[in-house]
Amino acid sequence: EASTGYKAAVVGGTGGVGKQLIKLLNQDERCIEIKALVRHTLEEWDTEEYKEKLKIIELENLDFMSAKATEFEGVDLFFCCLGSRVGKGKKLFYTVDHDYPIDFAQIAVDVKAHGYYLVSSVGAKATSWNYYLKVKGQVEKDLRAMHLNNLCIARPGLLLERNNDKRVAETIGSFIPFLGKVSCYNVSKALIEHAVDSLEKEQNKEFVILYNKNLLALAKESKL
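Residues numbered from 1 in each chain as written. Predicted model: local features only at pLDDT ≥ 70, side-chain atom pairs only at ≥ 80, totals over all residues. Heavy atoms only, no water.

(A) Here's a closer look at the side chain of Asn 150. By secondary structure assignment, the location of Asn 150 is in the loop between α4 (131–144) and β6 (151–155). From its side chain, Asn 150 meets the backbone nitrogen of Glu 206 in a polar contact 2.9 Å long. The contacts of Asn 150, once residues within four sequence positions are left out, are His 114, Gly 115, Tyr 116, Ser 198, Gln 203, Asn 204, Lys 205 and Glu 206. (Helix = DSSP H or I, 4+ residues; strand = E, 2+ residues; numbered from the N terminus. Polar contact = N/O pair within 3.5 Å; in protein donor to acceptor, adjacent residues only side chain to side chain. Contact = heavy atoms within 4.5 Å.)

In structure tokens form, the structure reads like this:
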């Protein structure tokens, strides 16, 4: 039991993992505040249930997120759950899956957050000739070069309950023959479990990659 609660920040909170993550952070008694940086808010957040903890920071264009940096002062844990599709155009995909996670990480560095948690992908590799996996690998590499206190990268297999499953399965499935599966709910549980444990142990300069099997094991241990 943490003696003082933690504060969390989430970008990409309207997607498959992000939505579950905010829901679980809201249920976690150890969490005292959630700051969600979003382009648009969700109806379900406008309820009694979320009123106490959830603070929405709405920004129509995430290109300008650095202007909101001061709103994240005192946040312990940063979670990045952003993700676009290559099908929407390579330029947009690169902006959402590379540039925005880097910009959000810069805010984490500036406010001296304890840790930064990125949802990446199985098979992420900066040298991959598959564009999706290449960009995922590049952002991981660039995050490692930043002065983050702790960095944790989740590389889930095929995310279940997500509307673009089929497309991603086809993209990655052809590169990775035995594709593990995990629910967005379990990825979220695992990330919170790992993050809070790291915070309580006062980890420093830790770099961790959580693969599909690690995510499933952590989710199983979670008390949430």
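Back to the text.
(B) Structural context of the packing of helix α3 (residues 90–110) against α4. Running from amino to carboxyl end, α3 crosses α4 at an angle of 20°, the nearest separation of the two axes being 10 Å. As the angle between them shows, α3 and α4 are arranged roughly parallel. As for the relative orientation of α3 and α4, their crossing is right-handed in sense. Contacts between α3 and α4 involve Lys 90, Phe 93, Tyr 94, Asp 97, His 98, Pro 101, Ile 102 and Ala 105 from the first element and Tyr 131, Tyr 132, Val 135, Lys 136, Gln 138, Val 139, Asp 142 and Leu 143 from the second. (Axes fitted to C-alpha atoms, helices over the stretch in contact; angles between N-to-C directions. Parallel < 35°, antiparallel > 145°, perpendicular 65-115°, else oblique. Left-handed = near helix turned anticlockwise from the far one by under 90°.)

(C) Spotlight on unusual backbone geometry. Backbone geometry places Lys 112, a non-glycine residue, at a positive phi of 55°. For Lys 112, a relative accessible area of 72% translates into the label exposed. Backbone geometry places Glu 202, a non-glycine residue, at a positive phi of 55°. If you trace the backbone, Glu 202 turns up in the loop between α6 (184–200) and β9 (207–211). (Buried < 20%, exposed > 50% of the residue type's maximum accessible area, 1.4 Å probe, protein only.)

(D) Inspection of empty space enclosed by the protein at higher detail. Counted by the stated rule, this structure contains one cavity of 30 Å³ or more. In this structure, the largest cavity spans a volume of roughly 40 Å³. Taken together, Leu 82, Asp 97, Pro 101, Leu 118, Val 119, Ser 120, Lys 136 and Val 139 make up the full set of residues lining the largest cavity. Among the secondary structure elements, those contributing two or more residues to the lining of the largest cavity are α3, β5 (115–119) and α4. Residues that form the lining of the largest cavity fall into these classes: five nonpolar, one polar and two charged. (1 Å grid on protein atoms, 1.4 Å probe; cavity = no way out; pocket = protein on both sides within 12 Å on 5 of 7 lines; lining within 4 Å. Points joined across faces, edges and corners; volume = space filled by probe spheres on them. Nonpolar A, V, L, I, M, F, W, Y, C, P; charged D, E, K, R; others polar.)

(E) Quick look at the packing of aromatic side chains. Going through the model one piece at a time under the given rule, you end up with seven aromatic pairs. Of the aromatic side chains, those joined through ring pairs into one cluster are Phe 72, Phe 78, Phe 104 and Tyr 116. Here the guanidinium or amino end of Lys 90 rests over the ring plane of Tyr 131, the centre of that ring lying 4.7 Å away. In this structure, Arg 144 is placed above the aromatic ring of Phe 207, and the distance from its NZ or CZ to the ring centre is 3.7 Å. (Phe/Tyr/Trp six-rings, centres within 6.5 Å; stacked < 30°, edge-to-face > 60°. Lys NZ or Arg CZ within 6 Å of the ring centre and 35° of its normal.)

(F) Structural detail: α6. Its 17 residues place the ends of α6 24 Å apart at the C-alpha level, agreeing with the 24 Å of an ideal helix rising 1.5 Å per residue. Counting buried positions along α6 yields 12 of 17 residues, so the element is predominantly enclosed. Two residues or fewer after α6 comes Glu 202, characterised by a positive phi angle close to 55°. (Expected span 1.5 Å × (residues − 1).)

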